[in-house]
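# Secondary and tertiary structure notes
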Amino acid sequence: MERPAVVLLSGGLDSTTTTAIAKSEGFTPYALSFRYGQRHSVELEAAKAVARSLGVARHIIADIDLRVFGGSALTSDIDVPKRGSLDEAEDGGIPVTYVPARNTIFLSFALAYAEVVAAHDIFIGVTAVDYSGYPDCRPEYIEAYARMANLATREGVRGERALVIHTPLMRLSKAEIIRRGTSLGVDYSRTCSCYDPDERGRACGRCDTCLLRLKGFSEAGMVDPAPYQGS
């Protein structure tokens, strides 16, 4: 019997690994991506390639425009910070690349989609280990959202099977995520994690997410197969 699950797929390393994990656990992934006014379309092309390579049941790209609010380097005319190393990152603050309420918005769409495809499971690739300090990646946030989701759905009101939000990467380092994905046959050359790639889709190598990704591959004893500018 099919076990449908909605998987949030951005086209980056974490969401791709999460999709592969969902498949390995016997779920049939229904991938959901967003054209939300982000700086570039490279990640959506990556999401399409990943969806094809992993054989998801269906891949939907939903259109929403968070540029009407702005407030982030990803949705307004604010420069993406570039650094020489992670040591240069500011401690304690929430980075300007944080998109206000993005995961709440994305999970709300995933919740609606789950009701339509009769899925009781949602997968999201958040992690609280090697990450940029976004408040909507923490386990307490996911737990609170899951409680709300089960108050807001048809089956939740009827007392039927509860919806579960899976966060298989939550306690994993970037290196552990990469090793897990590699063991599942993930082709990371298809993925794009960069906040500011060039017109050819090559990662900048200097934004926070690039630095975290490169650190992860180095600690995993591997070379990142994705293309980078200047290489």
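Structure: see above.
Here, residues in each chain are numbered from 1, in the same order as that chain's written sequence. Residue-level local features of this predicted model are given only where pLDDT is at least 70; pairs of side-chain atoms are given and counted only at 80 or more, and the full residue set underlies all totals for whole chains, interfaces and linings. For side-chain calculations, the full set of non-hydrogen atoms in the structure is used, while hydrogens and water are omitted.

## As for the overall build of the protein
Runs of E in the DSSP output that reach at least two residues are strands. Runs of H or I that reach at least four are helices, and both are numbered from the N terminus. The number of helices and strands found in the protein is seven helices and five strands. Here the globule rule reads 2.2 Å times residues to the power 0.38, and the radius of gyration is calculated from C-alpha atoms. The C-alpha atoms of the protein give 17 Å as radius of gyration, which agrees with the globular expectation for 231 residues (17 Å, within 12%). Principal axes of the C-alpha set define a box for the protein whose edges measure 55 × 40 × 30 Å. Within the protein, contacts between residues separated by at least 24 positions form 75% of all contacts whose residues are at least 6 apart in sequence. When the accessible surface of the protein is totalled, it reaches about 10900 Å², and 50% of it is carbon and sulfur. When charges are counted, Lys and Arg are positive and Asp and Glu negative, with His and the chain ends excluded. The location of each charge is read from NZ of Lys, CZ of Arg, CG of Asp or CD of Glu. In the protein, 26 positive and 29 negative side-chain charges are present, and the distance between their average locations comes to 5 Å. Whether two residues are in contact is decided by their heavy atoms, any of which lying within 4.5 Å being enough. We get accessible surface area from the Shrake-Rupley algorithm with a probe of 1.4 Å; when it comes to residues, only the shown protein chains can shield them.

## What to know about the pattern of salt bridges
Basic side-chain nitrogens of Lys or Arg form a salt bridge, by our definition, when they fall within 4 Å of a carboxyl oxygen of Asp or Glu. Enumeration over the complete set of coordinates arrives at 13 salt bridges. Linking Asp 196 and Arg 39 is a salt bridge whose minimum nitrogen-to-oxygen distance equals 3.9 Å. Of this pair, Asp 196 sits in the loop between α6 (174–183) and α7 (208–219) while Arg 39 sits in the loop between β2 (28–35) and α2 (42–54); the two residues are 157 residues apart in sequence, bridging distant segments of the chain. Accessibility here uses a 1.4 Å probe with only protein chains present; expressed as a share of the type maximum, an area under 20% marks a residue as buried, one over 50% as exposed, and anything in between as partly exposed. Arg 39 gets classed as partly exposed once you look at its relative accessible area, which sits at 36%. Here the residues in one salt-bridge network are Arg 39, Lys 82 and Asp 196, joined through shared partners.

## Some thoughts on helix α1 (residues 13–24)
Helices are assigned an expected span. That span is 1.5 Å times one less than the residue count. If you check α1, its first and last C-alpha atoms are 17 Å apart, about what twelve residues at 1.5 Å a residue would give, namely 16 Å. With ten of twelve residues buried, α1 lies mostly within the body of the structure. Where α1 is concerned, the buried positions are Leu 13, Asp 14, Ser 15, Thr 16, Thr 17, Thr 18, Thr 19, Ala 20, Ile 21 and Ala 22. Buried residues along α1 sit in contact with β1 (4–8), β2, α2, β4 (121–123), α6 and α7. One or two steps after α1, the chain reaches Gly 26, where phi turns positive at roughly 90°.

## A look at the packing of aromatic side chains
Ring pairs shown here join Phe, Tyr and Trp side chains whose ring centres sit within 6.5 Å, with only the six-membered ring taken for Trp; geometry is labelled stacked below 30 degrees between planes, edge-to-face above 60, and tilted in between. Per the counting criterion, the structure on display carries eight aromatic pairs. Both rings, one in Tyr 36 and one in Phe 106, keep their centres 5.5 Å apart while their planes meet at 65°; by these two values the pair is edge-to-face. Within this pair, whereas Tyr 36 is found in the loop between β2 and α2, its partner Phe 106 is found in helix α3 (residues 102–116), the two being separated by 70 residues in sequence. The exposure classification of Tyr 36 matches that of Phe 106, with both residues buried. On the basis of an interplanar angle of 50° and a centroid distance of 6.3 Å, the ring pair of Tyr 141 and Tyr 145 is categorised as tilted. Of this pair, Tyr 141 and Tyr 145 both sit in helix α4 (residues 139–149), separated by four residues, roughly a single helical turn. Across this residue pair, the class does not change: Tyr 141 and Tyr 145 are buried.

## Some details on the environment of Ile 60
Its location among the elements puts Ile 60 in strand β3 (residues 58–63). A relative accessible area of 23% places Ile 60 in the partly exposed class. Sequence separation between Ile 60 and Ala 226 is 166 residues; the distance between their C-alpha atoms is 24 Å. Discounting residues that sit within four places of it in the chain, Ile 60 has contacts with Ala 31, Leu 32, Ser 33 and Tyr 113.

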